[in-house]
Amino acid sequence: MEQKTCPCRKTAETPLPYAACCQPYVEGKAQAPTAEALMRSRYSAFAVGNIDYLVESVAPEQRHDIDRGSLQAWSKESTWDGLDIIDTVDGREGDTTGIVEFVAHFTRERKREAHHERSTFRKENGRWYFVEGAKPKGKPMVKAQDIGRNDPCPCGSGKKYKKCCGA
């Protein structure tokens, strides 16, 4: 299936053509140079239905858990609406590991959905692999405590609250 604009929508202002973005990776003509490029190409593989690429881009020791039928169904039954990269940690060309946090947008059964994940990647023999994904952890909740005017200031200044942050 020929795509005009790359499904990953690398740049929102001027999206790249599929042939100039993820297609060379998805079709095995080139290796993704970074963890983010692999993440983008995996999203695009879902959009174009290339399940073989999805399987081959998973770390070999993780492939036993893959349910090709589920991948195929998710790919076919969804309209792929775009990918947002939230954060990357390492994963550049000279790195051997990387983390990419992303939100994959899709529509399935007329319902808009989003898959938010923080994925780890590993580079082995010049090739990036998806290792595992997990739901991102939320920010820790800090319980507010009642501070009296004469209590020590929680900022650690050693002063009373009323003479410091409560002034």
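The coordinates are above.
Residues numbered from 1 in each chain as written. Predicted model: local features only at pLDDT ≥ 70, side-chain atom pairs only at ≥ 80, totals over all residues. Heavy atoms only, no water.

J.: Quick one: what's the story with the pairing of strand S2 (residues 97–108), residue by residue and with numbers?
T.: Of the pairings in the sheet, the one linking strand S1 (residues 78–90) to S2 comprises 11 bridges and is antiparallel in character. Among the inter-strand pairings, Thr88 is bridged to a residue of S2, identified as Val100. Taking the residues between adjacent antiparallel strands as the criterion, S1 and S2 are bridged by 6 residues, where Gly91 takes a positive phi near 80 degrees. Note that S2 and strand S3 (residues 111–124) share 12 bridges and pair antiparallel. Counted as the bridge partner of Thr107 is Arg112 from S3. Where S2 hands over to S3, the hairpin turn is made up of 2 residues, of which Glu109 adopts a positive phi near 55 degrees. (Pairing = 2+ DSSP bridges. Helix = DSSP H or I, 4+ residues; strand = E, 2+ residues; numbered from the N terminus.)

J.: Quick one: what's the story with the pairing of strand S4 (residues 127–134), residue by residue and with numbers?
T.: Every other side chain in a regular strand lies on the same face of the sheet, so the side chains alternate between the two faces. Pairing of S3 with S4, which is carried by 7 bridges, proceeds in the antiparallel orientation. By the bridge assignment for S4, Glu124 is matched with Arg127. Hairpin connection from S3 to S4: 2 residues lie between these consecutive antiparallel strands, with Asn125 at a positive phi of about 50 degrees.

J.: Kindly report on the pattern of salt bridges, identifying the contributing residues and their values.
T.: Evaluated as defined, the whole model comprises 11 salt bridges. Here Asp87 ties to Arg118 by a salt bridge, and the two come within 3.5 Å at their closest N and O atoms. Taken together, the positions of Asp87 in strand S1 and Arg118 in strand S3 put the pair 31 residues apart, joining distant regions of the chain. Using a relative accessible area of 32% as the deciding quantity, one classes Asp87 as partly exposed. Residue classification places Arg118 among the partly exposed residues on the basis of a relative accessible area of 28%. For Glu101, the salt bridge goes to Arg118, with nearest N and O atoms at 2.9 Å. Of this pair, Glu101 sits in strand S2 while Arg118 sits in strand S3, and the two are 17 residues apart along the sequence. Take Glu101: its relative accessible area is 12%, and that puts it in the buried class. It is possible to trace a salt-bridge network through shared partners that takes in Glu61, Arg122 and Glu124. (Salt bridge = Lys/Arg side-chain N within 4 Å of Asp/Glu carboxyl O. Buried < 20%, exposed > 50% of the residue type's maximum accessible area, 1.4 Å probe, protein only.)

Any link to function would need more than the numbers given here.
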